[in-house]
Amino acid sequence: MNVKFLNPFLEAATEVLLAEANVRATRGQIGLNKDPYITEDVTVMLSLVGAVDGTVFYALGNPLSLALIGNMLGEKLESVTSLAQSGLAELGNVITGRASVKLAQAGFESQISPPTLLLGKGSTLSTLDMPRLVVALNTDHGPLTVHLAIREGRNAAAKAAQIAVPASPKFG
């Protein structure tokens, strides 16, 4: 795990929360966790493949979830509705997309997966042999905790694309 990959995600999350939901976030302590991740009320999960490989989780409680989407919609929400779920998944997508642009500018181009949303506390997710850098971005509505289990990619896909393709056979 290279700590230099963390800053693009923290910068992107801080920028997106402020721009999209008018929520200010301040960075908490950085930790390293090798244990399986136990989900929060809401967890947004995305993968990266390319010069950087791995998974990012964004964990948040219902109060922050409702505040973010409520601010985006301009109305108070009482529960994490299907519209709120879509909005939370898209926030994770935008944060990770912006972070991947920052990584590409530093020479680490990667593709991101569509987001997966996990609802409910207590499920266990393992990143297997990849430890996670964990940082809470503190807000007035509770933390958005970024769990980053990524490493420099092995570029297997790029090498596979360079394999020569044989010419079409000639018939006749």
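Our structure's up above, just so we're on the same page.
Here's a quick rundown of the structure. (Residues numbered from 1 in each chain as written. Predicted model: local features only at pLDDT ≥ 70, side-chain atom pairs only at ≥ 80, totals over all residues. Heavy atoms only, no water.)

We now examine the overall build of the protein. Counting its secondary structure elements, the protein contains four helices and nine strands. For the protein, the N- to C-terminal ordering of α and β elements is α-β-β-β-β-α-α-β-β-β-β-β-α. Burial analysis of the protein (172 residues in total) assigns 41% to the buried set. Nonlocal contacts in the protein, meaning residues at least 24 apart in sequence, comprise 71% of its contacts between residues at least 6 apart. As displayed, the protein offers around 9,500 Å² of accessible surface, 52% of which is attributable to carbon and sulfur atoms. (Helix = DSSP H or I, 4+ residues; strand = E, 2+ residues; numbered from the N terminus. Buried < 20%, exposed > 50% of the residue type's maximum accessible area, 1.4 Å probe, protein only. Contact = heavy atoms within 4.5 Å. Areas by Shrake-Rupley, 256 points an atom, 1.4 Å probe, with all protein chains shown as cover.)

Moving on to the nonpolar core. Residues Phe9, Val56, Tyr58, Leu68 and Leu144 are the most contacted members of the largest nonpolar core, which totals 39 residues. If you tally residues by element for this core, the top one is helix α1 (residues 6–21), at eight residues. Discounting residues that sit within four places of it in the chain, Leu68 has contacts with Leu17, Ala21, Val23, Leu60, Leu88 and Leu91. (Core = buried A, V, L, I, M, F, W, Y, C linked by side-chain atoms within 4.5 Å.)

Here we take up the packing of α1 against helix α3 (residues 82–105). Contact geometry of α1 with α3 gives a least axis separation of 8 Å together with a crossing angle of 135°. Compared by their axis directions, α1 and α3 come out oblique. Pair α1 / α3 crosses with right-handed handedness. Residues Pro8, Phe9, Glu11, Ala12, Ala13, Glu15, Val16 and Glu20 of α1 form the contact with α3, whose own contacting residues are Leu91, Val94, Ile95, Thr96, Arg98, Ala99, Lys102 and Leu103. (Axes fitted to C-alpha atoms, helices over the stretch in contact; angles between N-to-C directions. Parallel < 35°, antiparallel > 145°, perpendicular 65-115°, else oblique. Left-handed = near helix turned anticlockwise from the far one by under 90°.)

A few words on the packing of aromatic side chains. Enumeration according to the criterion identifies two aromatic pairs in this entry. Judged by centre distance (5.1 Å) and plane angle (85°), the rings of Phe5 and Phe108 are edge-to-face. Taken together, the positions of Phe5 in the segment before α1 and Phe108 in the loop between α3 and β5 (110–112) put the pair 103 residues apart, joining distant regions of the chain. Each member of the pair Phe5 and Phe108 is classed as buried. A ring pair is formed by Tyr37 and Phe57, whose centres lie 5.0 Å apart and whose planes are at 25°; its orientation type is stacked. With Tyr37 in strand β2 (residues 37–38) and Phe57 in strand β4 (residues 52–60), the pair connects residues that are 20 residues apart, well separated along the chain. (Phe/Tyr/Trp six-rings, centres within 6.5 Å; stacked < 30°, edge-to-face > 60°.)

Here we take up unusual backbone geometry. Positive phi, close to 55°, is recorded for Asn22, a residue that is not glycine. Looking at the secondary structure, you find Asn22 in the loop between α1 and β1 (26–33). For Leu128, which is not glycine, the phi dihedral falls at a positive 55°. On the secondary structure map, Leu128 appears in the loop between β7 (124–125) and β8 (132–138).

Turning to the pattern of salt bridges, a few remarks are in order. One pass over the structure, following the stated rule, counts four salt bridges. Notably, a salt bridge pairs Arg98 with Glu15, separated by 3.1 Å at the nearest N-O pair. Of this pair, Arg98 sits in helix α3 while Glu15 sits in helix α1; the two residues are 83 residues apart in sequence, bridging distant segments of the chain. The partly exposed category is assigned to Arg98, whose relative accessible area is 34%. The salt bridge involving Asp129 is made with Arg151; its shortest N-O contact spans 4.0 Å. (Salt bridge = Lys/Arg side-chain N within 4 Å of Asp/Glu carboxyl O.)

So, on to the side chain of Thr145. Relative to the assigned elements, Thr145 resides in strand β9 (residues 144–152). Classification of Thr145 as buried rests on a relative accessible area of 16%. When residues no more than four places from it in sequence are discounted, the contact partners of Thr145 are Phe57, Tyr58, Ala59, Val134, Val135 and Ala136.

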